[in-house]
Amino acid sequence: MDGVNLQKENQNLKDVNRELDAIIENSYDGIYITDKNGVTLKTNSAIERITGIPKEYYIGKNVKDLIKRGILKNSVTRKVVEEKRTVSLVQNNYEGNETLLTGTPVFNENGEVEKVVTNIRDLSDLNKLQTELRKANQLNTQYKKELERLKNKPDQVKGIVTKSKSMKQIYDSATRIANIDATVLILGETGVGKDVLAHYIYTNSNRSQKGDFIKINCGAIPPDLLESELFGYEGGAFTGASRDGKPGMFELAHKGILFLDEIGELPLSLQVKLLRVLQEGEIQRIGGTKPKKIDVRIIAATNKDLQKMVEDSEFREDLYYRLNVIPLEIPPLRNRREDILPLIQQFLDEVNHKYQLYKELDYDLQDFFLSYEWPGNIRELFNLIERLAVTSREDLINIESLPEEYLTTNKLTANVVVPLKEAVEMAEKKVIALAAEKYTNTYELAKALNTSQPTIVRKLKKYDIHLK
């Protein structure tokens, strides 16, 4: 009976050893077992993958000898035996890969270190994952920035309409150069929205978090006062000057943006001083003796032809090229008629809210707005809508409510010369809109206009026309 139990116990021990060997052998990490003197007792196949050396090579060899031969660069075995605790270190292995070694002591009954089990983990895969994670996080940050940019794209920013392709391109360019500190020159007729574009660049730049947006109209201030407004003055610099002096617009715009509107009106004498600011990044107050460094981004705007002014010696050529680093030209309203109806609705909503009104424009009046030349551009459009809203007695404003000057300037649809493509689209839209008032479905409408039903569906969507 004792023999049977001994045989059974021996079999159980074999099973346990086999299971232990299987666990060690199938571990993804390298397992390296030594005695207290550092002689290798057992290892697994993973160590061959990690170090590039067959596991059989290690058996029976002392870690000291392996270090001397350059097989191992360091060992935790000695430190574990000396300190009688778990020890970890990171080192490059024989193939140059980064590995994490963790040695754990195995104690005998007397509390002495009997064996050391070292776990070797190849960190190259982990480092690769960390690199990939870092790249993914960087991409995620870029995507977040792009989403923010798309959320705030121009046609969704309050007060800005960019239905037309040209305006979308301009505001997309403005977004991309918002944080580039180069000088911007905004060109365009009076009333096209140059100041709105300048403020949009400021709002979308990092400078909006550091400094102010300061605007000065170079044509609205007398030349003899403009210099003190721009550069400031020291106390007692001239008769009537403040005793404490006064900072100029450049100083007030420090860390921010200075918008020089109507730059074409700047006197030649001040053009020289402005050129120095752009070149040196410093200003000097009137009556001052020391220049002062400033950090200001310049955005200039004009409705004049600066190149012609340069040819006529009315504008400095060197200053023109300093200003014209990033030119943005806003087209007149008559060249982007797609923006007119959205602008009408936006301005009408603003006026209705301001005066607590419920005004609307009838179809004929909207048609007039679409065909009118708008020499005053957006500013004229807004002023006319506000004027009609507050002077018209009826909530539905018609073409007869137009001021006399608009009815007698020969700028109604019949007398306006527009590009042929626009004229065709305007006529097509008007015919379809009139027919849509009469017919109740697209099949009847297609038959009446002698065209196909899919064409009518497409045209209705294009011109945003709805059947009754």
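Each remark here, short or long, concerns the structure printed above.
Quantities reported herein were computed from a predicted structural model and do not represent experimental measurements.

## Overview of the overall build of the protein
Moving on, step 1. Helix and strand content of the protein: 19 helices and 16 strands.
Moving on, step 2. Per-residue burial over the protein gives 39% buried out of 468 residues.
Moving on, step 3. The long-range fraction of contacts in the protein, counting pairs at least 24 apart against all pairs at least 6 apart in sequence, stands at 61%.
Moving on, step 4. Put simply, the protein shows about 27,500 Å² of open surface, and 50% of that area lies on carbon and sulfur atoms.

## Details of the nonpolar core
Moving on, step 1. Residues Leu-230, Phe-250, Leu-258, Leu-260, Ile-263 and Phe-315 are the most contacted members of the largest nonpolar core, which totals 31 residues.
Moving on, step 2. The element contributing the most residues to this core is helix H10 (residues 268–280), with 5 residues.
Moving on, step 3. Residues contacting Leu-260, with those up to four places away along its chain left out, are Ile-216, Cys-218, Leu-230, Leu-274, Ile-298, Ile-299, Ala-300 and Ala-301.

## Quick word on the sheet that holds strand E7 (residues 213–217)
Moving on, step 1. Ordered by their spatial adjacency, 5 strands build an open sheet running E7-E10-E13-E6-E14, and the pairing between neighbours is parallel. Of all the strands in the sheet, the pair left with one neighbour each is E7 and strand E14 (326–329). Sheet twist, expressed as the mean angle between neighbouring strand axes with direction ignored, is 20°.

## Re helix H19 (residues 453–463)
The α-helix advances 3.6 residues per turn, and as a result positions three or four apart in sequence lie on the same side.
Moving on, step 1. Residues of H19 that are buried include every one of Ile-456, Lys-459, Leu-460 and Tyr-463, and no others. Viewed end-on, H19 has its buried residues packed into an arc of 100°, placing them on one side of the element. More than 90 degrees from the buried face of H19, the exposed residues found are Pro-454, Arg-458 and Lys-461.

## Some thoughts on H10
Moving on, step 1. Taking 1.5 Å of rise per residue, 13 residues should cover 18 Å, and H10 covers 19 Å from first to last C-alpha, within 8% of that figure.
Moving on, step 2. Taken residue by residue, H10 has Leu-270, Gln-271, Leu-274, Leu-275, Val-277 and Leu-278 as its buried positions. Taken down its axis, H10 places every buried residue within 155° of arc, on the same side.
Moving on, step 3. Elements in contact with the buried residues of H10: helix H8 (223–231), helix H9 (249–252), strand E10 (257–261), strand E11 (282–283), strand E13 (297–302) and helix H12 (317–323).

## Here we look at the pairing of E10
Moving on, step 1. Across the 5 residues of E10, 5 count as buried, placing the element largely inside the fold.
Moving on, step 2. Neither face of E10 is left uncovered, since the one carrying Ile-257, Phe-259 and Asp-261 and the one carrying Leu-258 and Leu-260 both have all their residues buried.
Moving on, step 3. Two elements, E7 and E10, share 5 bridges in a ladder whose sense is parallel. Each bridged residue has a counterpart across the sheet, and for Ile-214 the counterpart in E10 is Leu-258.
Moving on, step 4. Alignment of E10 against E13, held across 4 bridges, turns out to be parallel. By the bridge assignment, Ile-257 is partnered in E13 with Arg-297.

## What about the sheet that holds strand E2 (residues 40–43)?
Strands belonging to one sheet form pairs held by backbone hydrogen bonds; the direction of such a pair is parallel or antiparallel.
Moving on, step 1. Judged by pairing direction, the sheet is antiparallel, and its 5 strands sit side by side in the order E2-E1-E5-E4-E3 without closing on themselves. Among the strands making up the open sheet, the edge pair consists of E2 and strand E3 (87–92). When the angles between neighbouring strand axes are averaged without regard to direction, this sheet yields 20°.
Moving on, step 2. Two strands pair when backbone bridges link them, and strand E4 (residues 98–107) and strand E5 (residues 113–122) are joined in this way by 9 bridges, in the antiparallel orientation. Of the residues in E5, the one forming a bridge with Thr-102 is Asn-119.

## Details of the packing of aromatic side chains
By convention here, two paired aromatic rings are described through the distance between centres and the angle between planes.
Moving on, step 1. Taken as a whole and assessed by the stated rule, the structure comprises 14 aromatic pairs.
Moving on, step 2. Seen from their ring centres, Tyr-372 and Tyr-406 are 5.3 Å apart, and the 55° between their planes marks the pair as tilted. With Tyr-372 in the loop between helix H14 (363–371) and helix H15 (377–391) and Tyr-406 in helix H16 (residues 404–407), this pair connects stretches of sequence that are 34 residues apart. Accessibility classification places Tyr-372 together with Tyr-406 in one group, the buried group.
Moving on, step 3. Taken together, the ring pairs in this structure connect Phe-368, Phe-369, Tyr-372, Trp-374 and Tyr-406 into an aromatic cluster.
Moving on, step 4. Positioned over the ring face of Tyr-57 is Lys-61, at 4.3 Å from the centre of the ring.
Moving on, step 5. Geometry around Phe-231 places Lys-273 over its ring, the cationic atom sitting 4.5 Å from the centre.

## Description of the environment of Gly-219
Moving on, step 1. Counting through the fold element by element, Gly-219 comes out in the loop between E7 and H8.
Moving on, step 2. With relative accessibility at 46%, the residue Gly-219 sits in the partly exposed group.
Moving on, step 3. Sequence separation between Gly-219 and Pro-267 is 48 residues; the distance between their C-alpha atoms is 9.5 Å.
Moving on, step 4. Once residues lying within four places of it in the same chain are set aside, the contact partners of Gly-219 are Glu-262 and Glu-265.

Thresholds, definitions, all that
- Residues numbered from 1 in each chain as written.
- Predicted model: local features only at pLDDT ≥ 70, side-chain atom pairs only at ≥ 80, totals over all residues.
- Heavy atoms only, no water.
- Helix = DSSP H or I, 4+ residues; strand = E, 2+ residues; numbered from the N terminus.
- Buried < 20%, exposed > 50% of the residue type's maximum accessible area, 1.4 Å probe, protein only.
- Contact = heavy atoms within 4.5 Å.
- Areas by Shrake-Rupley, 256 points an atom, 1.4 Å probe, with all protein chains shown as cover.
- Core = buried A, V, L, I, M, F, W, Y, C linked by side-chain atoms within 4.5 Å.
- Pairing = 2+ DSSP bridges.
- Axes fitted to C-alpha atoms, helices over the stretch in contact; angles between N-to-C directions.
- Arc of directions from axis to C-beta.
- Expected span 1.5 Å × (residues − 1).
- Phe/Tyr/Trp six-rings, centres within 6.5 Å; stacked < 30°, edge-to-face > 60°.
- Lys NZ or Arg CZ within 6 Å of the ring centre and 35° of its normal.

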